[in-house]
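# A structural walkthrough
Listed below, chain by chain, are the residues.
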Amino acid sequence: MAKQYSPWKAVILRILGVLFLFSVSRLFFYFLNTDIFGKLDFEEWFWVIAGGVRFDIVATLYINLLFILLTLLPTGRFSWSQKIADVLFIVPNAIGLLLNCIDTAYYTFNLKRITWTSLGELQGFNNASDLLLSFLVRYWYVWAAWLILCFGLVLLKRNIRVKSTTYNAHTYVDVFILMFFICMFGFRGNLRYSTRPLGLNDAGKYVKSPQNVALVYSTPFSIFRTMREKKLDRYSYFEQEEEMKKLYDPEQKSKGEGEFKPLNVVILVLESFSEEASSISNTDPGTNKFMPFVDSLRRKSFYTEYSFANGKKSIEALPAIWGSIPSYTQPYVLSKYSSNKIYGLPHILKEKGYHTSFFHGAPNGSMGFQSFTNLMGIEHYYGKDEFGDNSQFDGIWGIWDQPFLAYYGKMLKTFPQPFFSTIFTVSSHDPFKVPKEAEDKYPAGPHPIFKAFSYSDDGVRKFFASIKNEPWFNNTLFVITADHTSPKCDLPEFKNSVGVFRIPIFFYLPGSDLSRKSDRIFQQTDIMPTVLQILNYQEPYITFGKNLLADDSPDFAVNKYENYQYISGDYILKLDAENKGVELYKFKTDKLLKNNLIQTERNKAEELERNFKAYIQQFQNRMIDDRFTYERP
């Protein structure tokens, strides 16, 4: 028989039970993402759990606020009130645990916990119901774990009952005031009024490596703390603009003189194409043979072995590629700054008389691309609706890559020159399916995504074969890149904070002297200034990348892995939430990032930290002030 407790004891015992279930879900989160977090020793686990409980107290108090109030109020002694309180205990906690479980699978794609903004991204999917059904089937173990945790909630409800006790008014007031202050301090996450409420960045105190902070806080905490969109911080690392510009100047201009070259520009953004599947820099025969055509084209192009995505989401790729906008606290297109004036490639080339277009085989409006392309100056959008043949729909994401790339080639032949056009593929997206008739045609790899790579790679080959004899082919600059890496990696060097951002980026101009291998660092935000250099565009512009053809431009890449990391030359500097360097590696030789040089190469770490701070101050302060366009006289 269930034991009955006074209202305040019942509340405390149930909250303790919920904290235990949250800790269990944290273990589940870790064990399904061990490849990302690595092995933790006993001391690390102790602090992860200890810090996790602190963060979970905040989340559980938010989740259980109505249950606490209804249980402690004088009406709590009535049976009808207790039934309502039980519902308010079970349902919100079940939702909180569900979010933790879902993030167990979603984290591999995003490399950070779900936030309030992440929930907003779902509004951009016209096929959300299909995606949900697919998620239910493929990640059945997530739902199984959630049901087990929900059973734990039911046991707490059954075994910790509230005694129907009548107190005098004074006792009710005392208990209520006590619980009020406990909740208030709990919501803040600390007992000191002089300190800020507990935030995501405080998780860094409990881990040795910044990449493990997601183990400390839960998904409900992440959502609660990001519900009110945080403004970007205005930095003041440098008081003098000129001092900062010596380290990084976003106001740039192409090198040389002469007339503008009105080359056609075609950008292929290949969904999830990761460096691991390429033979350019991966020598493992089990994983490096899945993009043979892209590799062959890359060797005829301007390329490097070390090219990086700036973010981990598809929605972050186009702002980086077109507008030279790096990833920051949230996707640019969903932020309050998305209405800022951005003078990116589409606008610049449109003013030069270019026909501008964007192709994406997903349902029209998916991921908010249609709205963003319009804001960026794209005149013509081609999606699933314009393709017009639902027999080629993959059932989840969009039109299969091969027929859509064939459609893309046919449409390019109809455009007036010069044209600027971008296509974003979809087939190598989770669940990584290929058409049934193609299943036996392409090689299988360690994970289904490798076959999807081969399928899409062959689609790119057929696309180039269909246009190579066009009169405009040799007058066209092709830029091939990916939006981000695959969430499914096989080799350890592609699972760490360097490998998870390594994608192909290269520039192919048929019959030109552009073809060569570079030893520089490439990133998505470099695409815009490099394209403008090739076109010999002589007007100044704002970029947060670099001109890869200018030898005097800084050699760096920036991306966000929980916190920022700054890649420069042979080094990667990992920064904490306060932008202080905490880890330094020579990533080209120390491929598994085992030898932290932060103490032995202090001067180098300080140099890179200073360079990064100049960059991030330029970026965030200009974003706040809406200064992403060059002020012409």
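Further up the page is the structure itself.
Now for a quick tour of the structure. As the structure is a computational prediction, the values presented were derived from the model and not from experiment.

## Some words on the packing of helix 1 (residues 7–31) against helix 4 (residues 65–72)
Contact pair helix 1 / helix 4: the axes reach a minimum separation of 9 Å and the direction vectors enclose 160°. As far as their axial angle goes, helix 4 and helix 1 are roughly antiparallel. As for the relative orientation of helix 1 and helix 4, their crossing is right-handed in sense. Contacts between helix 1 and helix 4 pair Pro7, Trp8, Val11 and Arg14 from the former with Phe67, Ile68, Thr71 and Leu72 from the latter. Class assignment for the residues of the contact of helix 1 with helix 4 results in six nonpolar, one polar and one charged.

## Brief notes about the nonpolar core
One finds Trp322, Phe464 and Phe507 to be the most contacted residues of the largest nonpolar core, which totals 150 residues. With nine residues, helix 18 (residues 448–467) is the largest single contributor of residues to this core. If near-sequence neighbours (up to four positions away) are discounted, phenylalanine 464 is found in contact with Leu268, Phe293, Leu297, Phe473, Phe478, Ile480 and Tyr508. Residues Phe37, Phe55, Leu111 and Tyr306 belong to the second largest nonpolar core, which totals 35 residues.

## Here we look at the side chain of threonine 356
Of note, threonine 356 is situated in strand 7 (residues 355–360). Here threonine 356 falls in the buried class, since its relative accessible area comes to 0%. Within polar-contact distance, the side chain of threonine 356 engages the backbone nitrogen of glutamate 379 at 2.9 Å. For threonine 356, the residues in contact, after removing those within four places along its chain, are Pro346, Lys350, Gly377, Ile378, Glu379, His380 and Phe420.

## Some thoughts on unusual backbone geometry
For the peptide bond that leads from glutamine 417 to proline 418, omega is -5°, which places it in the cis range. Its location among the elements puts proline 418 in the loop between helix 17 (401–412) and strand 9 (419–424). Put simply, aspartate 430 and proline 431 share a cis peptide bond, and its omega is 20°. Mapped onto the elements, proline 431 comes out in the loop between strand 9 and helix 18. Positive phi outside glycine occurs at asparagine 536, with the angle close to 60°. The topology assignment puts asparagine 536 in the loop between helix 19 (527–534) and strand 14 (541–542).

## So, the packing of helix 1 against helix 3 (residues 42–63)
For the pair helix 1 and helix 3, the least separation of the axes is 9 Å and the interaxial angle reads 125°. The orientation of helix 1 relative to helix 3 falls into the category oblique. Helix 1 and helix 3 meet at a crossing whose hand is right-handed. Residue-level inspection shows Ile15, Val18, Leu19, Phe22, Ser23, Arg26, Leu27 and Tyr30 of helix 1 in contact with helix 3, the latter providing Trp45, Val48, Ile49, Gly52, Val53, Asp56, Ile57, Thr60 and Ile63. Of the residues contributing to the contact of helix 1 with helix 3, the split by class is 12 nonpolar, three polar and two charged.

## Here's the deal with a nonpolar patch on the surface
Together, Trp8, Ile12, Leu13 and Leu16 make up an exposed nonpolar region whose accessible area comes to about 330 Å². Owing to a relative accessible area of 36%, tryptophan 8 belongs among the partly exposed residues under this scheme.

## What to know about the sheet that holds strand 16 (residues 563–568)
Spatially, the four strands line up as an open sheet ordered 15-16-17-18, and their pairing is antiparallel. Of all the strands in the sheet, the pair left with one neighbour each is strand 15 (556–561) and strand 18 (581–586). Between one strand axis and the next, the sheet turns through 20° on average, direction left out of account. Across five bridges, strand 17 (residues 571–575) lies against strand 18 in antiparallel orientation. Among the inter-strand pairings, isoleucine 572 is bridged to a residue of strand 18, identified as tyrosine 585.

## Brief notes about the environment of tryptophan 45
Here tryptophan 45 shows up in helix 3. Residue class for tryptophan 45 comes out buried when judged on its relative accessible area of 17%. Considered as a pair, tryptophan 45 and tyrosine 206 are 161 residues apart in the sequence and their alpha carbons are 9.4 Å apart. Among residues more than four places away in sequence, those in contact with tryptophan 45 are Leu27, Tyr30 and Leu40.

## Let's talk about helix 3
Helix length check: helix 3, at 22 residues, gives a terminal C-alpha distance of 30 Å against a target of 32 Å (1.5 Å per residue), a fit within 8%. Where helix 3 is concerned, the buried positions are Glu44, Trp45, Val48, Gly51, Gly52, Phe55, Asp56, Val58, Ala59, Thr60, Leu61 and Ile63. Two or three places before glutamate 43, at the opening of helix 3, aspartate 41 has a side-chain oxygen 3.2 Å from that residue's backbone nitrogen.

## Quick look at the state of the cysteines
Counted by the stated rule, this structure contains zero disulfides. Cysteine 101 takes part in no disulfide bond, and the closest cysteine sulfur to it belongs to cysteine 150, at a distance of 7.9 Å.

Rules of the game
Going along each chain's sequence as written, the residues are numbered from 1 onward. Only residues with pLDDT of at least 70 get local features here, since the model is predicted, and only at 80 or more are side-chain atom pairs given and counted; chain-wide, interface and lining totals rely on the full set of residues. Heavy atoms throughout the structure, all of them, feed into the side-chain values; hydrogens and water do not. Axis angles are defined between N-to-C directions and span 0 to 180 degrees, where every axis is a line fitted to C-alpha atoms and, for a helix, only to the segment in contact. The numbering of helices and of strands both runs from the N terminus, where a helix is a DSSP run of H or I of at least 4 residues and a strand a run of E of at least 2. Each angle is binned into one of four classes, with values under 35 degrees roughly parallel, values over 145 roughly antiparallel, values of 65 to 115 roughly perpendicular, and all other values oblique. Take the far helix as your reference; a near helix turned counterclockwise from it by less than a right angle gives a left-handed crossing, and one turned clockwise gives a right-handed crossing. Residue contacts are counted whenever heavy atoms from the two residues lie within 4.5 Å of one another. Residue polarity is assigned by list, with Asp, Glu, Lys and Arg as charged and Ala, Val, Leu, Ile, Met, Phe, Trp, Tyr, Cys and Pro as nonpolar; anything else, Gly included, falls into the polar class. We call a set of buried Ala, Val, Leu, Ile, Met, Phe, Trp, Tyr and Cys residues a nonpolar core when their side-chain atoms join them within 4.5 Å. Accessible area is worked out with a 1.4 Å probe on protein chains only. A residue is then buried under 20% of its type maximum, exposed over 50%, and partly exposed in between. Here a polar contact is taken to be a pair of N or O atoms separated by no more than 3.5 Å, where protein atoms must pair a possible hydrogen donor with a possible acceptor and residues adjacent in sequence count only if both atoms sit in side chains. Without a salt bridge and with relative accessible area above 30%, a residue can belong to a patch; like charges are then joined within 9 Å and nonpolar side chains (Val, Leu, Ile, Met, Phe, Trp, Tyr) within 5 Å. Per-residue accessibility takes into account occlusion by the displayed protein chains alone, with areas from the Shrake-Rupley method and a 1.4 Å probe. Salt bridges are defined as contacts in which a side-chain nitrogen from Lys or Arg sits within 4 Å of a carboxyl oxygen from Asp or Glu. Pairing between strands requires that DSSP locate at least two bridges from one strand to the other. Take the residue count of a helix, subtract one, and multiply by 1.5 Å to get its expected span. The disulfide criterion is simple: two cysteine sulfur atoms within 2.5 Å.

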